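Survey of secondary and tertiary structure
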Amino acid sequence: MKFLHSMIRVKDINASLDFYTKVLNMKLDHKKRLEDCELYFLNDEDGCCQIELTYNDETPKEGYTNGTAFGHFAFSVKSLDEFTKKINELGYKYLYEPFDLNGKGTKIAFIKDPDGNEIELIEKVVW
């Protein structure tokens, strides 16, 4: 069995596509029209992981409510310093600024996508 993707519903598809492609470097693989929505499939840089953004024809004005079970998506980054420069240029802010996770140099940080989904960014130490 192989894991294929995670799906999230989005309020503003253009804002979400900008975030996932410009901030997280994901690439739009394909989209698919269903009866009541459009599905956008985004791949990570290595092509191993995929997120499906679902944009419903009838989207609540206030967006969607995240449940208490979902925590976050996690992405590796080569350098949180470089990532910080990038998000500052694009006008995004951290939810939690980068910090050392384990006292050995691995750093993590969190941001939110346009719909409030948390994204963990992990810079691992290379020994």
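Rules used throughout
Residues numbered from 1 in each chain as written. Predicted model: local features only at pLDDT ≥ 70, side-chain atom pairs only at ≥ 80, totals over all residues. Heavy atoms only, no water. Helix = DSSP H or I, 4+ residues; strand = E, 2+ residues; numbered from the N terminus. Rg over C-alpha atoms; globule rule 2.2 N^0.38 Å. Buried < 20%, exposed > 50% of the residue type's maximum accessible area, 1.4 Å probe, protein only. Contact = heavy atoms within 4.5 Å. Areas by Shrake-Rupley, 256 points an atom, 1.4 Å probe, with all protein chains shown as cover. Lys, Arg positive; Asp, Glu negative; His and termini not counted. Charge placed at Lys NZ, Arg CZ, Asp CG, Glu CD. Pairing = 2+ DSSP bridges. Axes fitted to C-alpha atoms, helices over the stretch in contact; angles between N-to-C directions. Patch = residues over 30% accessible without salt bridge, like charges linked within 9 Å, V, L, I, M, F, W, Y side chains within 5 Å. Salt bridge = Lys/Arg side-chain N within 4 Å of Asp/Glu carboxyl O.

Brief notes about the overall build of the protein chain
The number of helices and strands found in the protein chain is two helices and eight strands. Against the globule reference of 14 Å for 127 residues, the protein chain gives a C-alpha radius of gyration of 15 Å, in line with a compact fold. Principal-axis analysis of the C-alpha atoms gives the protein chain an extent of 50 × 35 × 30 Å. When each of the 127 residues of the protein chain is scored for burial, the buried share is 35%. Of all intrachain contacts in the protein chain linking residues separated by at least 6 positions in sequence, the fraction that spans at least 24 positions is 49%. About 8,500 Å² of surface is accessible on the protein chain, with carbon and sulfur atoms providing 50% of the total. Considering the protein chain, the positive charge centre built from 17 side chains and the negative charge centre built from 23 side chains are found 2 Å apart.

Focus on the sheet that holds strand β3 (residues 37–43)
Strands sit in the order β1-β4-β3-β2 across an open sheet of four strands; the sheet is mixed. The open sheet has two edge strands, β1 (6–9) and β2 (27–33), and neither has a second partner. Averaged over all pairs of adjacent strands, the angle between their axes in this sheet comes to 25 degrees, without regard to strand direction. Where helix α1 (residues 13–23) meets the sheet, it contacts β1, β3 and β4 (50–56), and its direction lies at approximately 170 degrees from that of β4.

What about a nonpolar patch on the surface?
A cluster of nonpolar side chains, namely Leu95, Tyr96, Phe99 and Leu101, defines an oily patch on the protein surface of about 370 Å² accessible area. For leucine 101, the location among the structural elements is in the loop between β6 (96–100) and β7 (107–112).

As for the pattern of salt bridges
One pass over the structure, following the stated rule, counts five salt bridges. Linking aspartate 18 and lysine 22 is a salt bridge whose minimum nitrogen-to-oxygen distance equals 3.6 Å. Separated by four residues within a single helix, aspartate 18 and lysine 22 lie in helix α1, roughly one turn from each other. We classify aspartate 18 as partly exposed; its relative accessible area is 35%. For lysine 22, a relative accessible area of 46% translates into the label partly exposed. The partner of glutamate 38 in a salt bridge is arginine 33, with the nearest N and O atoms 3.9 Å apart. Three or more residues joined by partner-sharing salt bridges are found here, namely Arg33, Glu38 and Asp57.

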